[in-house]
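Each chain, letter by letter, is given below.
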Amino acid sequence: MTTLLSLGHGYSAATLARRLIPEGWTVIGTTRQPEAMAALAATGVEPVLWPGDLGPALERATHILLSAAPVAGGADPFLRGWPALRDARPAWIGYLSTTGVYGDRGGGWVDETAQPTPARGRSGDRAAAEREWMATGLPVHIFRLSGIYGPGRGPFQKVKDGTARRILKDGQVFSRIHVEDIAEVLLASIRRPNPGAIYNVCDNEPAPADVVLSHAAALLDLPEPPAQRFEDAQLPPMARSFYEENRRVSNRRIREELGVRLNHPTYREGLAAILAAERAAGAL
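Here's what I pulled together on the structure shown here. (Residues numbered from 1 in each chain as written. Predicted model: local features only at pLDDT ≥ 70, side-chain atom pairs only at ≥ 80, totals over all residues. Heavy atoms only, no water.)

## Regarding the layout of surface pockets
In step 1: What the largest pocket holds in volume is close to 1800 Å³.
In step 2: Along the walls of the largest pocket sit 50 residues, with Ser146, Gly147, Ile148, Phe174 and Phe242 positioned nearest its centre.
In step 3: Of all the elements in the fold, those that place two or more residues in the lining of the largest pocket are helix 1 (11-20), strand 5 (92-98), helix 5 (121-134), strand 8 (147-149), helix 8 (209-219), helix 9 (237-243) and helix 11 (267-280).
In step 4: Of the residues contributing to the lining of the largest pocket, the split by class is 25 nonpolar, 15 polar and 10 charged.
In step 5: As for the second largest pocket, its lining consists of His9, Gly10, Thr30, Thr31, Arg32, Gln33, Ala36 and Leu40.
In step 6: Class assignment of the residues belonging to the lining of the second largest pocket gives a composition of two nonpolar, five polar and one charged. (1 Å grid on protein atoms, 1.4 Å probe; cavity = no way out; pocket = protein on both sides within 12 Å on 5 of 7 lines; lining within 4 Å. Points joined across faces, edges and corners; volume = space filled by probe spheres on them. Helix = DSSP H or I, 4+ residues; strand = E, 2+ residues; numbered from the N terminus. Nonpolar A, V, L, I, M, F, W, Y, C, P; charged D, E, K, R; others polar.)

Written out as structure tokens, the structure is:
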């Protein structure tokens, strides 16, 4: 019996669970919200309330996925709250991190051999949590995710209701990844484990955010959203911080080492898939 313990069960982990459960896996997922337990169980995931007793779930887990954000200073909340995790003996552990650990590269390419140089607090915390997990000696695999999008996390509703804005900053690009392709990468790693490996999880084509919004509008047969220069835009601090870093992230390792063939190799395929899914669900 293969059992995935999903610590911090969220958007990406739920997508993986939908792939594993039909294959006969048991998936146990943690939640901090008692009122979410029934909804989680309805998806086929066995819910566990956190903070709480992880002992029984750890005894069953053959694989562990870690999605929770670190606490301030970089400590992992589950390692801190349940030290017995260090004594677990799963076949595979996946830690979902961020490409933000690379910091600003002036638009240049970066791969997994690059030394992390995080500039922002939350990216620095992620880099510290990566090191903390690697130091456990467990079969840990690090997945540095770029900007995640997918059904329910696409631009179409904002484009449709007129609240989308194209922020223009010369030379600025972002890497992104469709949530279904995150699941594809995680499955490939589970089937070909390589403890200690680090993988960038992103698509083949870093692109400016304004270009992606323009393409979304074209798919809806709507005019382009209005444009603003970055210097003039009154962005919230977190949104502004994303534009203060610029890098192109290479996904060569997931393609060559894991043999992953992305279902959404660029934002064009990804947006088309989201539009189809949201229309089918009646969301658009």
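## Description of the pairing of strand 3 (residues 46-49)
In step 1: Pairing geometry for strand 2 (residues 26-31) and strand 3, over four bridges, is parallel. What sits directly across from Ile28, in strand 3, is Glu46. (Pairing = 2+ DSSP bridges.)

## Side note on the sheet that holds strand 11 (residues 198-201)
In step 1: Pairing in this open sheet of seven strands is parallel, and the strands run 3-2-1-4-5-7-11 from one edge to the other. For this open sheet the edge positions go to strand 3 and strand 11, each flanked by a neighbour on one side alone. Direction aside, the axes of adjacent strands within the sheet are offset by 20 degrees on average.
In step 2: Bridge analysis of strand 1 (residues 3-7) against strand 2 gives four bridges, and the strand direction is parallel. For Leu5, the partnering residue across the bridge sits in strand 2 and is Ile28.
In step 3: The sheet strands contacting helix 1 are strand 1, strand 2, strand 4 (63-66) and strand 5, and the helix crosses strand 1 at an angle near 170 degrees.
In step 4: Helix 5 contacts strand 4, strand 5, strand 7 (140-145) and strand 11 of the sheet and is inclined by roughly 165 degrees relative to strand 5. (Axes fitted to C-alpha atoms, helices over the stretch in contact; angles between N-to-C directions. Contact = heavy atoms within 4.5 Å.)

## Description of the packing of helix 1 against helix 7 (residues 179-191)
In step 1: Contact geometry for helix 1 and helix 7: axes closest at 9 Å, N-to-C directions at 60 degrees. The element helix 1 and its partner helix 7 pack so that their crossing is right-handed. Contacts from Tyr11, Ser12, Thr15, Leu16, Arg19 and Leu20 of helix 1 reach helix 7 at Val179, Glu180, Ile182, Ala183, Glu184, Leu186 and Leu187.
In step 2: Here the residues of the contact of helix 1 with helix 7 sort into eight nonpolar, two polar and three charged. (Left-handed = near helix turned anticlockwise from the far one by under 90°.)

## Focus: the packing of helix 8 against helix 11
In step 1: Running from N to C, helix 8 and helix 11 point in directions that differ by 45 degrees, and their axes come no closer than 10 Å. One way to sum up the angle between helix 8 and helix 11 is to call them oblique. Remark: the crossing between helix 8 and helix 11 carries right-handed chirality. Facing helix 8, whose interface residues are Val211, Val212, His215, Ala216 and Leu219, helix 11 presents Tyr267, Arg268, Leu271, Ala272, Leu275 and Arg279. (Parallel < 35°, antiparallel > 145°, perpendicular 65-115°, else oblique.)

## A closer look at the pattern of salt bridges
In step 1: If you walk through the whole model with that rule in mind, you get 11 salt bridges.
In step 2: Of the charged contacts in the structure, one is a salt bridge between Glu23 and Arg191, with a shortest N-O distance of 3.3 Å. Residue Glu23 is located in the loop between helix 1 and strand 2, and its partner Arg191 is located in helix 7; the two are separated by 168 residues in the primary sequence.
In step 3: We classify Glu23 as partly exposed; its relative accessible area is 47%. (Salt bridge = Lys/Arg side-chain N within 4 Å of Asp/Glu carboxyl O. Buried < 20%, exposed > 50% of the residue type's maximum accessible area, 1.4 Å probe, protein only.)

## Observations concerning unusual backbone geometry
In step 1: Of note, the amide linkage connecting Trp50 to Pro51 takes the cis form, showing an omega dihedral of 0 degrees.
In step 2: Within the secondary structure layout, Pro51 lies in the loop between strand 3 and helix 3 (55-60).
In step 3: At Asp221, a residue that is not glycine, the phi angle is positive and equals roughly 60 degrees.
In step 4: With respect to the helices and strands, Asp221 occurs in the loop between helix 8 and strand 12 (227-229).
In step 5: Classification of Asp221 by relative accessible area gives exposed; the value is 70%.

## Comments concerning the environment of Asn194
In step 1: With respect to the secondary-structure elements, Asn194 resides in the loop between helix 7 and strand 11.
In step 2: Look past the residues within four positions of Asn194 in its chain and what remains in contact with it is His141, Tyr199 and Glu257.

## With respect to the pairing of strand 11
In step 1: Residues of strand 11 alternate between two faces, with Ile198 and Asn200 on one and Tyr199 and Val201 on the opposite face, all of them buried.
In step 2: The pairing of strand 7 with strand 11 spans four bridges and is parallel. Note that in strand 11 the partner of Leu145 across the bridge is Val201.

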